[in-house]
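# Chain and residue survey
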Amino acid sequence: MVLDTTQLNRRMTHFDDHEAIWLFGYGSLIWKAGFPYLERRPAHIHDWVRRFWQGSHDHRGTPQAPGRVATLLPRPGAVCHGMAYRISPETLRPLDVREKNGYLREITTLHFADGATAQGLTYIATADNAAFLGEAEPAAMARQIAEAHGPSGPNSDYLLNLADALDALGVEDSHVADLARRVRAHASTGAEPQPR
Ligand code: BEZ
């Protein structure tokens, strides 16, 4: 896949004539929107899991030392919790640019706590994008996150802010919690935590 996904996303006109769109956030969008929105509500989507398998050389790392950020992987039966934003369609344009490092718009069904559902969008970095890193040993992923730093700040801030935001929402995500525990230990001692 091309390195810059902006134009691919601009071709996706599905919601262009809608007055407002629901955007599902599962990564930095949970704790920091950085765009105007009409409404914000916790939500979840089905059949996807959150994983720190996407490389970041433009926000939380550099081309020489990429960081790791969240993407979604298909997993039948899984539930991914996050935050939904109701936005105007024009708000997607700057987001397409901000997330150009491999993320594509994906149409998905959002589920809200009151049982309501809505069709909306999320951004997913699939395994065929040039910045995809995939799975690694948890210790290696944590070390990479602890050490990476990019124009948007330390990679560890992205992970730890996400872990705190999920805690505040009452969401358990063992992948994020395990990485956060390892990165916190790395920050305080420079070493991996002992097995529990
Ligand atoms: C998110 O935080 O959900 C997110 C937003 C844009 C690209 C990838 C993830």
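Look up: the structure comes first, before these words.
Below is a summary of the structure that appears in this document. Here the structure is a predicted model, which means the values were calculated and not measured.

## A few points about the overall build of the protein chain
If you tally the helices and strands in the protein chain, you get 6 helices and 7 strands. Its helices and strands in sequence order give the protein chain the pattern α-β-α-β-β-α-β-β-α-β-β-α-α, from N to C terminus. Across the protein chain, the fraction of contacts at a sequence separation of at least 24, relative to all contacts at a separation of at least 6, is 74%. About 9,700 Å² of surface is accessible on the protein chain, with carbon and sulfur atoms providing 51% of the total.

## Describing the site of the ligand
Residues in close proximity to the ligand total 8 residues, the closest being Gly25, Tyr26, Gly27, Ser28 and Leu29. For the ligand, an oxygen atom lies 3.0 Å from a polar atom in the backbone of Gly27. In the environment of the ligand, an oxygen atom lies 3.0 Å from a nitrogen or oxygen atom belonging to the backbone of Ser28. Protein chains shield 98% of the accessible area of the ligand, which is 260 Å² for the free molecule. Taken together, the residues of the shell around the ligand sort by class into 4 nonpolar, 3 polar and 1 charged.

## A short note on the pattern of salt bridges
Between side chains of opposite charge, a pair can form as their charged atoms come close. One pass over the full model with this rule turns up 7 salt bridges. Linking Arg41 and Asp114 is a salt bridge whose minimum nitrogen-to-oxygen distance equals 3.2 Å. Residue Arg41 is found in strand S2 (residues 39-56), and its partner Asp114 is found in the loop between strand S4 (103-112) and strand S5 (117-125); the two are separated by 73 residues along the sequence. Judged by relative accessible area, which is 58%, Asp114 ranks as exposed. With a closest N to O distance of 3.5 Å, Asp178 and Arg181 form a salt bridge. Separated by 3 residues within a single helix, Asp178 and Arg181 lie in helix H6 (residues 174-189), roughly one turn from each other. Members of the salt-bridge network, linked through shared partners, are Asp178, Arg181 and Arg182.

## Looking at helix H5 (residues 155-169)
Taking 1.5 Å per residue, 15 residues should reach 21 Å; H5 reaches 22 Å between its end C-alpha atoms and fits that length. Considered for burial, the residues of H5 that qualify are Asn155, Ser156, Tyr158, Leu159, Leu160, Leu162, Ala163, Ala165 and Leu166. Phi for Gly170, located one or two positions after H5, is positive at around 75°.

## Brief notes about the side chain of Arg105
Locating Arg105 in the fold gives a position in strand S4. Of note is the side chain of Arg105, whose polar atom sits 2.5 Å from the side chain of Asp96.

## Things to note about the sheet that holds S2
Read around the closed barrel, the 5 strands follow the order S1-S3-S2-S4-S5; overall the barrel is mixed. Taken over all neighbouring pairs, the strand axes of this sheet differ in orientation by 45° on average, direction set aside. Direction of pairing for S4 relative to S5: antiparallel, over a ladder of 9 bridges. Bridged to His111 within S5 is Thr117. Sheet strands in contact with H5 are S2 and strand S3 (67-87), and its direction is about 80° off that of S3.

## What to know about the environment of Arg60
Looking at the element boundaries, Arg60 is found in the loop between S2 and S3. Sequence separation between Arg60 and Gly150 is 90 residues, and the spatial gap between their C-alpha atoms is 4.2 Å. Filtering out sequence-adjacent residues up to four positions away, Arg60 remains in contact with Trp31, Gly67, Val69, Ala148, His149, Gly150, Ser152, Gly153, Pro154, Asn155, Asp157 and Tyr158. One polar contact links the side chain of Arg60 to the main-chain carbonyl oxygen of Ser152, over a distance of 3.2 Å. In terms of polar contacts, Arg60 uses its side chain to reach the backbone carbonyl oxygen of Pro154, at 2.9 Å.

Reading the values: rules and limits
- Position numbers for residues count from 1 along each chain, tracking the sequence in the order it is written.
- With the structure being a predicted model, the display of local features is reserved for residues of pLDDT at least 70 and the display and counting of side-chain atom pairs for 80 or more, all residues being used for whole-chain, interface and lining totals.
- Side-chain measures were taken over the full set of non-hydrogen atoms in the model, leaving aside hydrogen atoms and water.
- Counting from the N terminus, the helices are DSSP H or I runs at least four residues long and the strands are E runs at least two residues long.
- Contact between two residues is taken to exist if any of their heavy atoms lie within 4.5 Å; hydrogens are not considered.
- Residue burial considers only the protein chains on display, and all accessible areas are found by Shrake-Rupley using a 1.4 Å probe.
- Neighbouring residues are identified by heavy atoms, a residue being near a molecule or strand if any of them is within 4 Å of it.
- Side-chain atoms alone can form a polar contact between residues adjacent in sequence; in general such a contact is a pair of N or O atoms within 3.5 Å, and within protein one must be able to donate a hydrogen while the other accepts it.
- Ten residues, namely Ala, Val, Leu, Ile, Met, Phe, Trp, Tyr, Cys and Pro, are considered nonpolar, four, namely Asp, Glu, Lys and Arg, are considered charged, and the remaining ones, Gly among them, are considered polar.
- Salt-bridge detection follows one rule: a side-chain nitrogen of Lys or Arg within 4 Å of a carboxyl oxygen of Asp or Glu.
- Burial classes follow relative accessibility: with a 1.4 Å probe on protein chains only, a residue under 20% of its type's maximum area counts as buried, one over 50% as exposed, and anything between as partly exposed.
- An expected span of 1.5 Å times one less than the residue number is assigned to each helix.
- Strands pair, by our definition, only if DSSP identifies at least two bridges between them.
- Note on method: axes are straight lines fitted to C-alpha atoms, helices fitted across the in-contact stretch only, with angles between N-to-C directions ranging 0 to 180 degrees.

As far as function goes, none of this settles anything; it's purely spatial.
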